[in-house]
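The primary structure of each chain is shown beneath.
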Amino acid sequence: MRTLGQNFLVDTRIRDSIVNCAGVRSSDLVVEIGPGKGALTRPLAERAGVFVAIEVDPVLARDLRRVFRSEDNVHIIQDDILSCDLRTLVHEHSANLPKNHRALVVANLPYYITTPILNKLLSDSGLFSAFTLMVQLEVAQKLTASPGSRGYSELSVKAQYFTEPVLLFEVPPTAFDPPPAVRSAVVRMRVRPEPPVDADSDIMFSIVGAGYGQRRKTLRNALLASRLFAGKKDAVAEVLSCASIDGGRRAETLSVEEFAAIARAYARYKAGEDN
Ligand code: SAM
């Protein structure tokens, strides 16, 4: 089932490093996405208070259920991670854990759906304390990229707003069976208890989406074409000037703080317009 991104981890040293980096405690809820044949599952389940794995492949899920059938704290769910209600899953499975427990995600991700999974985890990041993930090296570089550098993208802004992404180490294709066509890396993303900037996040991500929706355009023209400004040139000029951002720049050069400054200026402009 190569279509399901089934490249199984076979390098036990890499496995041990991932498990150590995840830093699981006995009071934690651990959610593993795509446990596959269970390379990470046993060591994670042994360390966690409660362990839940979500595997879409019915045969792999059935086999793992058999392996863990006598372990009450281990739950193997056969489901597609993208349609899984993480809020309900986390609440249901943390009911018997201490009040100060953490919920962690640890996974060797199926690469064909890396971006939708990351977007889902980031949207639900308030449920979790950290994500420790194996991803393509290129994605790891995007997550940790600085403004203006290669790979800095909408995903970088979102990841750096909700979490503190760190590239921990690279992993060669030979660590997997079958080996994937790309190099991989393990990233740890600690979820921020508070956003790093002061701005309405809905407005801010509308600005980010507008900027990146028209990547080839300058920020001024991208905002002008967006629903936020609907062609109002004066409004774009006023907002960019209040935020002290040069409209001739492109979205991929803006830091999270600069997007936040535009969002604050937009909120003030809107408030003025409504009065
Ligand atoms: N964790 C195992 C390991 O490290 O060897 C397997 C990792 S493999 C790269 C990705 C796993 O994700 C596969 O077991 C695959 O069946 C599973 N998977 C693929 N799509 C999925 C989805 N939509 N929801 C949940 N699991 C999925």
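Description of the structure in this document. Small disclaimer: the values here were computed from a predicted structure and weren't measured. (Residues numbered from 1 in each chain as written. Predicted model: local features only at pLDDT ≥ 70, side-chain atom pairs only at ≥ 80, totals over all residues. Heavy atoms only, no water.)

## A few points about the site of the ligand
What counts is decided by this rule: One heavy atom suffices: a residue is near a molecule or strand as soon as one of its heavy atoms comes within 4 Å of it. Counted as a polar contact is a pair of N or O atoms within 3.5 Å, where, for protein atoms, one must be capable of donating a hydrogen and the other of accepting one, and residues adjacent in sequence contribute only when both atoms are in side chains. Cavity and pocket criteria rest on a 1 Å grid covering protein atoms alone: a 1.4 Å probe that fits but cannot get out defines a cavity, protein on both sides within 12 Å along at least 5 of 7 lines defines an open pocket, and an atom within 4 Å of a point defines a lining residue. Grid points define the cavity or pocket, and a molecule sits in it when more than half of its atoms lie within 2 Å of them. A helix here means a DSSP run of H or I that spans at least four residues, while a strand means a run of E at least two residues long, and both kinds are numbered starting from the N terminus. When residues are grouped by polarity, Ala, Val, Leu, Ile, Met, Phe, Trp, Tyr, Cys and Pro land in nonpolar, Asp, Glu, Lys and Arg in charged, and all others, Gly among them, in polar.
Every one of the 24 residues lining the ligand counts as a neighbour, but Q6, L9, G34, E55 and Y112 are closest to it. Residue E55 places a side-chain N or O atom 2.6 Å away from an oxygen atom belonging to the ligand. A distance of 2.8 Å separates a nitrogen atom of the ligand from a polar side-chain atom of D80. Taking a 2 Å distance to the grid points as the criterion, the majority of the atoms of the ligand fall inside the largest pocket. If you list the elements that add at least two residues to the shell around the ligand, you get strand 1 (8-9) and strand 3 (50-55). Residues belonging to the shell around the ligand are distributed by class as follows: 13 nonpolar, six polar and five charged.

## So, the pairing of strand 9 (residues 184-191)
The condition is simple: Residue burial is assigned from relative accessible area. The probe radius is 1.4 Å, only protein chains are included, and a residue is buried under 20% of its type maximum, exposed over 50%, and partly exposed in between. Strands are treated as partners if at least two bridges between them are detected by DSSP.
Buried residues dominate strand 9, accounting for six of its eight residues. Pairing of strand 7 (residues 163-171) with strand 9 involves eight bridges; the strand directions are antiparallel. Residue pairing for strand 9: V166 is matched across the bridge by R188.

## Let's talk about the sheet that holds strand 9
For clarity, the cut-off: Angular values range over 0 to 180 degrees, each being the angle between N-to-C directions of two axes fitted as lines to C-alpha atoms, with helices fitted over their stretch in contact.
Spatially, 4-3-2-5-6-9-7 is the arrangement adopted by the seven strands of the open sheet, whose pairing is mixed. Two strands in the sheet have a free side with no partner beyond their single neighbour: strand 4 (74-78) and strand 7. Shown here is a sheet whose adjacent strand axes are inclined to one another by a mean of 20°, direction ignored. Bridge count between strand 3 and strand 4: five bridges; the pairing is parallel. Note on strand 4: the bridge partner recorded for E55 is Q78.

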